[in-house]
Amino acid sequence: MAQAMPNQPKFLPRIERNATGAGNNYVATASGNPFETDEEEIFSRHKMVLRVPSKCTGDLMHLAVSRNWLVCLLGTAERTTLLRFFLPRAIPPGEVTLEKYLSGSGYKITRIFLDHTGHHLIIALVPKSASAGVSPDFLYIHCLESPQAQQLKVRRIEKFKDHEITAVAFNPYQGNESTTGPILLGTSRGLIFETELSAAADGHVQRKQLYDLGLGRSKYPITGLKLLRVPNSSRYIILVTSPECIYTFQETLKAEERSLQPIFAGYVSGVQEPHSEERKTDLTYSQLRLFAPPNSKYPKQWAWLCGEGIRVGEFSIEGNSAATLLGSTLINLDFDKAMHLSYEERRLNIPKTFVLTEYHAVLLYADHIRAICLLNQEQVYHESFDEARVGKPLNIERDELTGAIYVYTTKTVFNLRVTREERNVWRIYLDKGQYELATAHAAEDPEHLQLVLGQRADAAFTDGSYQVAADYYAETDKSFEEVCLKFMVLSDKRPIINYVKKRLSRLTTKPVDMEAVDQDKANAIKALVIWLIDLYLIQINMPDQSEEWRRAWQTEYDEFMMEAPILTCTRLNRKAVKQLIAEHADPHNMAQFAIAIGDYEEVVGQQLKAERFAEALQTLNNQRNPELFYMYAPELIVKLPRPTVDALIAQGPRLEVEKLVSTLIIMETREQREQTQRYLEFAIYKLNTTNDAIHNFLLHLYAEHEPKLLMKYLEIQGRDESLVHYDIHYALKVCTDLNVKEACVFLECMLCKWVSAVDLALKFDMKLAKETASRPVDSKMRRKLWLRIAYHDIKGTNDVKKALNLLKECDLLRIEDLLPFFSDFEKIDNFKEAICDALRDYNQRIQELQREMAETQEQSDRVGAELQHLRQHSITMNAQDTCGICEMMLLLKPFFVFICGHKFHSDCLEKQVVPMLTKEQGRRLTTLKQQLESQPQPQPSSLGKQQAMEMQRNRVALKTEIEDILAADCLFCCLLIDTIDQPFVDDWEQVNVEWE
């Protein structure tokens, strides 16, 4: 490295460029830093090396950083240079000289302000002396960059002459790289202005005065100015600080509103007053800092350095909250003591500036830097500056995007690295008794978490919150015996039960299967489970307690015993658990335990022996072994008919109805019979059982007790003998014995005993007899049955009206069929109308037959004429005719010609027609071809003439049948038209495979 030039600080070494001008070593960054981190220190100071062009000399005057853009001012008596570095990458720094704005006009720079994008810079200018003849002013620098170089455009803003800019609130919500958007400027006289600056060289700058905090005073500097917008709302907040006061302005703006003036409108008009907090101070300055986590859109904390010290608080994030600054913790910096010191001592003991991190405030003094924890106000870091070696400390800045902190002196820039500043936060909260926060911050370190939980549990126990203490003790690794001894002396056993349960859950979380754990762990789980059961049973059976007390403990005990790990443990150790429950003489929980481990047979047996039938039935409902239903249902249905059948129905298809017959045949009372019938109906209509014994059983009950339901059952089963599920002959015998006549008629019809069915129906129901006579398919049988009805209805009564009605009801009967049933002396006049109707009917039938004969003769003549015409029909073939399929010459091969005029080669037509044939036609065609091929050509010389002719006739017959199949219809006129609704592809899966 070349020797540094005079007046050039050590942190700005000269760049030696080679002859070719190659190389891109302009910047060594502090972001993505190559510095080694000491894990033992929260804060560590690391020197940065910025490489600048060799012509840039002087001491460092000011520095600002935002979004990894670092802007600094280097100055000598003759030259002031502005440099702009991009820290993450080594690109050439932007450079511009400012002497034409300063040297010749008597200005000096007091402050610089860099916006959130790093592209807009404001430089505040004031006269060097009262006699300089100039007024305060400021420069606006817009920064642009390209892959080749950076461009820094400097403009003097004349609109703000006479106003010294002391604070700037940039607008992160409307500003971008090309314009600042509406921003706020604070002055040394307490005025707040709004303006907007952009890259346009001829851009018109407007100046709006929004508020006056100074109220005409010549010196009332605004030391801090911040613009915020509450997330997910349109509420804007403006924070303003002066040396002794912090002000808050807030207002909700319309979405289309761009100007910030409406925020102050209500305050200017006097409708409302800004919220303010005033603090007595002897300082001439104050400073406002905000902390937001990197990449966050809204700050988390605020801090104000004032005459009392540093006031720290949080922000409200509620869109409609009236309060903005929440909480206010004072970090006392002992300013009162410093007021009695000399100027030099005060300079060393009062901070010049500070920055805020999540848990610390980093303060810069005249000769050192230190960090104070915000939670307990203890100093965690202190480091002095060797002014002779590194220069005079000037300021400290924090990049709000990355969170990086930069401390700079006149000669050096340092990066203040923050390494896990939250590492001791848990301990601070723990010492302050804020256990929730301590637990949250210690969650990632098991050792720290154990300390927090242990101390939290001890504190809860001391305060008498025993259940809370038990919960936390269960999460610690404290000795089990030690904790149990603490709780055993208490009369309330709830804490120790909770503690033991939580310790048990830690053992059984992984794995749940008891057989999968080692023996020591299994023994520990067994001991805890047995102890918990004992504790629960003591509470449940404790004398002199209310029923509500017992019920609450019983419910909790039941839930505990049903947990999967507990069930597994108790099944493996059922003998010990049974012995323990027996010692407590608790039959209810003994039964519950037997149910839990699946020993239902013993439970039900004991309950029946004790005549607790309802409990026994409930136990059966709670288990899933159907054999127990078959075993105990016969006894239960005698005592509890309806509940037992309800239980059987609830089991649904899990039970085999056939195995319940022994239960269902017990019908000593009407209720038992009704419940048996109800279950049989459920089995048939819901379970769809087809067992003929069950159907016969229900049919017998219906026939004996519910004849109407019997007929409904028979109708549901239907009249097809092959589809019914009962024995028809058995059913007929039962109905005959019990004299259920209607059912007998129904069953005899199913057995096709039509005559006996009609005869039986005629005895009690003429309508049923007529319906039965109409059922046979055979018309002769129907006529025979109706004649029996007519004989029964007319014989001996000579009731002509009945006879005529029968003729109307059955069209198979004629008047001549009924006349023999009347006496020989009956007058013919009574039948005159019926006989005339019969004659007219005969005459009409004769005429219809004659008309049908005439139509048949006409059709026969027409067919004969068409055949005669076809004999004379011919089709002329030309040598140029082609096949309609292959379009080759037709006469080259055998062919077919259809009457419609289409012509096809025989083989072409066969290829097209075969896929369209039905399966039967395809098989027949294959058979005919095989038969034709198996028959040789007849040879008259070797065979007799008669035999050769017979073979020839057979071959001709086979060919004719083949042609009839292939050429039955024209391919174009019939076959293809018939297949127009069929898909082109039948098997898409096969097509996809072929296409792949």
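Notes on the structure in this doc start here. (Residues numbered from 1 in each chain as written. Predicted model: local features only at pLDDT ≥ 70, side-chain atom pairs only at ≥ 80, totals over all residues. Heavy atoms only, no water.)

1. Some points on unusual backbone geometry
So, point 1. Backbone geometry places N688, a non-glycine residue, at a positive phi of 55°.
So, point 2. Within the secondary structure, N688 sits in the loop between α22 (670-685) and α23 (692-705).
So, point 3. Of note, C752 is a non-glycine position whose phi angle comes to about 60°, a positive value.
So, point 4. Tracing the sequence through the fold places C752 in the loop between α26 (741-750) and α27 (754-762). (Helix = DSSP H or I, 4+ residues; strand = E, 2+ residues; numbered from the N terminus.)

2. Notes on the sheet that holds strand β10 (residues 165-169)
So, point 1. The four strands lie next to each other as β10-β11-β12-β13, forming an open sheet whose pairing is antiparallel. With one partner strand each, in any of the chains shown, β10 and β13 (208-212) form the two edges of the open sheet. Recorded for the sheet is a direction-independent mean angle of 25° between the axes of neighbouring strands.
So, point 2. As paired elements, strand β12 (residues 191-195) and β13 share four bridges and run antiparallel to each other. Bridge pairing in β13 links I192 to Y211. (Pairing = 2+ DSSP bridges. Axes fitted to C-alpha atoms, helices over the stretch in contact; angles between N-to-C directions.)

3. A few points about the packing of helix α12 (residues 519-540) against helix α14 (residues 564-572)
So, point 1. Orientation of α12 relative to α14, taken along the N-to-C sense of each, is 100°, at an axis distance of 10 Å. Classified by the angle between their axes, α12 and α14 sit roughly perpendicular to one another. Only I566, C569 and T570 of α14 make contact with α12, whose side of the interface consists of I525, K526, V529 and I533.
So, point 2. Residues of the contact of α12 with α14, tallied by class, amount to five nonpolar, one polar and one charged. (Parallel < 35°, antiparallel > 145°, perpendicular 65-115°, else oblique. Contact = heavy atoms within 4.5 Å. Nonpolar A, V, L, I, M, F, W, Y, C, P; charged D, E, K, R; others polar.)

4. What about a negative patch on the surface?
So, point 1. Together, E848, E852, E855, E858 and D861 make up a region of like negative charge exposed at the surface.
So, point 2. Structurally, the position occupied by E848 is in helix α32 (residues 832-871).
So, point 3. Using a relative accessible area of 33% as the deciding quantity, one classes E848 as partly exposed. (Patch = residues over 30% accessible without salt bridge, like charges linked within 9 Å, V, L, I, M, F, W, Y side chains within 5 Å. Areas by Shrake-Rupley, 256 points an atom, 1.4 Å probe, with all protein chains shown as cover. Salt bridge = Lys/Arg side-chain N within 4 Å of Asp/Glu carboxyl O. Lys, Arg positive; Asp, Glu negative; His and termini not counted. Charge placed at Lys NZ, Arg CZ, Asp CG, Glu CD. Buried < 20%, exposed > 50% of the residue type's maximum accessible area, 1.4 Å probe, protein only.)

5. What to know about the nonpolar core
So, point 1. Within the largest apolar cluster, 70 residues are counted, with the highest numbers of intra-cluster contacts made by L636, Y679, L710, Y713, L714, Y726 and L747.
So, point 2. Counting 39 residues, the second largest nonpolar core, distinct from the first, contains I525, L537, I540 and W553. (Core = buried A, V, L, I, M, F, W, Y, C linked by side-chain atoms within 4.5 Å.)

6. Here we look at the pairing of strand β15 (residues 235-241)
So, point 1. In terms of residue burial, β15 counts as a mostly covered element, since seven of its seven residues are buried.
So, point 2. Residues R235, I237, L239 and T241 point to one face of β15 and Y236, I238 and V240 to the other, with burial holding for every one of them.
So, point 3. Sheet analysis places strand β14 (residues 224-229) next to β15, joined by six bridges and oriented antiparallel. Its bridge partner being in β15, R229 is matched across the sheet by Y236.
So, point 4. Sheet analysis places β15 next to strand β16 (residues 245-252), joined by seven bridges and oriented antiparallel. Residue Y236 lies in a different strand from β16, and its bridge partner there is E251.
So, point 5. Linking β15 to β16, which pair antiparallel, is a turn of three residues.

7. Section: the packing of aromatic side chains
So, point 1. The final tally for this structure, using the stated rule, is 26 aromatic pairs.
So, point 2. Ring centres of W549 and W553 lie 6.0 Å apart, and the angle between their planes is 55°; this geometry places the pair in the tilted category. Taken together, the residues span about one helical turn, with W549 and W553 both in helix α13 (residues 547-561) at a distance of four residues.
So, point 3. By relative accessible area, which is 27% here, W549 ends up partly exposed.
So, point 4. Accessibility expressed as a relative area gives 5% for W553, which makes it buried.
So, point 5. Relative to Y713, the ring of Y702 lies with its centre 6.1 Å away and its plane at 55°, an arrangement referred to as tilted. Taken together, the residues Y702 in helix α23 and Y713 in helix α24 (residues 707-717) connect sequence positions eleven residues apart. One exposure class covers both Y702 and Y713, and it is buried.
So, point 6. These aromatic residues form a ring-pair network of at least three members: F461, Y466, Y473, F480, F487, Y499 and W531. (Phe/Tyr/Trp six-rings, centres within 6.5 Å; stacked < 30°, edge-to-face > 60°.)

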